[in-house]
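# Coordinates in review
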Amino acid sequence: GAVVSQHPSWVICKSGTSVKIECRSLDFQATTMFWYRQFPKQSLMLMATSNEGSKATYEQGVEKDKFLINHASLTLSTLTVTSAHPEDSSFYICSASNEWNQPQHFGDGTRLSIL
Amino acid sequence: AQSVAQPEDQVNVAEGNPLTVKCTYSVSGNPYLFWYVQYPNRGLQFLLKYITGDNLVKGSYGFEAEFNKSQTSFHLKKPSALVSDSALYFCAVRETGNQFYFGTGTSLTVIP
């Protein structure tokens, strides 16, 4: 089956640091990638949708200058949490899809802990 | 507007008993429905999908789901639950275009 690789799986850093999370589709071309945030025991919150070569579409309430998304190729999207603060601590999950009627394939998530 | 609802936050079932995790949806056109499972500290894993065809869809790990158009439901089922099935389950709906809508998730606990 399709595989999506997400790195790093866990990162701990100081407040004010910028953190980059990578999402790669390993065996298919992902025309669309999604970034989610998940709080403990809660559902997924869609942050943004990115299509290769174009600007990401952010959901309401998500700061685009805070969460920078780049989808430079059909196999790679990155999420950069700029100047991270403790309230940004969360579980971030990416997913990728190549057709609208096909399932999304998810990465294993990144646990971000800001001290 | 599209939406998907999982009315139960928590489902408990004894090992060996059948399990059902409920999902209802609301879309303006034809629904494309999906079930995912999430284990602790992991991303979501695809279980099964309904696009067209038979209303009963079979998926991974012995799970199946039945599309019921009149009740706008897509409940996830398994005839005999395993302790290893304990996880968080998400229903999702997608219409033409790119947007997925996920339910709030149902935590399934299978009791030995």
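Here's what I pulled together on the structure shown here. What you are looking at is a predicted structure, and each value in this text was computed from that prediction instead of being measured.

### Describing the pairing of strand β11 (residues 110-114) of chain A
Regular strands place their side chains on alternate faces of the sheet. Residue and element names in this part refer to chain A. Burial of β11 is one-sided: the residues Thr110, Leu112 and Ile114 facing one way are buried, the residues Arg111 and Ser113 facing the other way are not. One ladder, built from 4 bridges, connects strand β2 (residues 10-13) with β11; its direction is parallel. Each bridged residue has a counterpart across the sheet, and for cysteine 13 the counterpart in β11 is isoleucine 114. As paired elements, strand β9 (residues 90-97) and β11 share 3 bridges and run antiparallel to each other. For tyrosine 92, the partnering residue across the bridge sits in β11 and is threonine 110.

### With respect to the side chain of glutamine 38 of chain B
Relative to the helices and strands, glutamine 38 of chain B is located in strand β5 (residues 32-38). Here glutamine 38 of chain A takes part through its side chain, which lies 2.8 Å from a polar atom of the side chain of glutamine 38 of chain B. Side-chain polar atoms of glutamine 38 of chain B contact the backbone oxygen of arginine 42 of chain B, separated by 2.8 Å.

### Structural notes on the state of the cysteines
This structure, assessed with the given rule, holds 2 disulfides over all chains. Residue cysteine 23 of chain B pairs covalently with cysteine 91 of chain B via a disulfide, S to S 2.0 Å. Sign of the S-S torsion, about -65° for the bond between cysteine 23 of chain B and cysteine 91 of chain B, identifies this disulfide as left-handed. Separated by 68 residues along the polypeptide, cysteine 23 of chain B in the loop between β3 (19-21) and β4 (24-26) and cysteine 91 of chain B in strand β10 (residues 87-94) bring together distant segments of the chain. For the pair formed by cysteine 23 of chain B and cysteine 91 of chain B, the shared burial category is buried. We note that cysteine 13 of chain A lacks a disulfide partner, and the nearest cysteine sulfur, in cysteine 94 of chain A, lies 18 Å from it. Taking relative accessible area as the criterion, cysteine 13 of chain A reaches 12% and is therefore assigned buried.

### Observations regarding the interface of chain A and chain B
Counting residues at the interface gives 24 residues for chain A and 23 residues for chain B. Here chain A meets chain B over a buried area of about 1,800 Å², counting both sides, of which 53% is carbon and sulfur. For the pair chain A and chain B, the number of links is 1 salt bridge. One salt bridge connects aspartate 108 of chain A with arginine 42 of chain B, and the closest N-O pair in it is separated by 3.2 Å. The tally of links from chain A across to chain B stands at 6 residue pairs in polar contact (both at pLDDT 80 or more). If you list the elements that add at least two residues to the side of chain A that touches chain B, you get β4 (32-38), β5 (44-51) and β9 of chain A. Its residues assigned to classes, the side of chain A that touches chain B comprises 9 nonpolar, 11 polar and 4 charged.

The rules behind these values
Residues numbered from 1 in each chain as written. Chains lettered and ligands numbered in written order. Predicted model: local features only at pLDDT ≥ 70, side-chain atom pairs only at ≥ 80, totals over all residues. Heavy atoms only, no water. Buried < 20%, exposed > 50% of the residue type's maximum accessible area, 1.4 Å probe, protein only. Helix = DSSP H or I, 4+ residues; strand = E, 2+ residues; numbered from the N terminus. Pairing = 2+ DSSP bridges. Polar contact = N/O pair within 3.5 Å; in protein donor to acceptor, adjacent residues only side chain to side chain. Disulfide = S-S within 2.5 Å. Contact = heavy atoms within 4.5 Å. Buried area = accessible area lost by both parts, 1.4 Å probe. Salt bridge = Lys/Arg side-chain N within 4 Å of Asp/Glu carboxyl O. Nonpolar A, V, L, I, M, F, W, Y, C, P; charged D, E, K, R; others polar.

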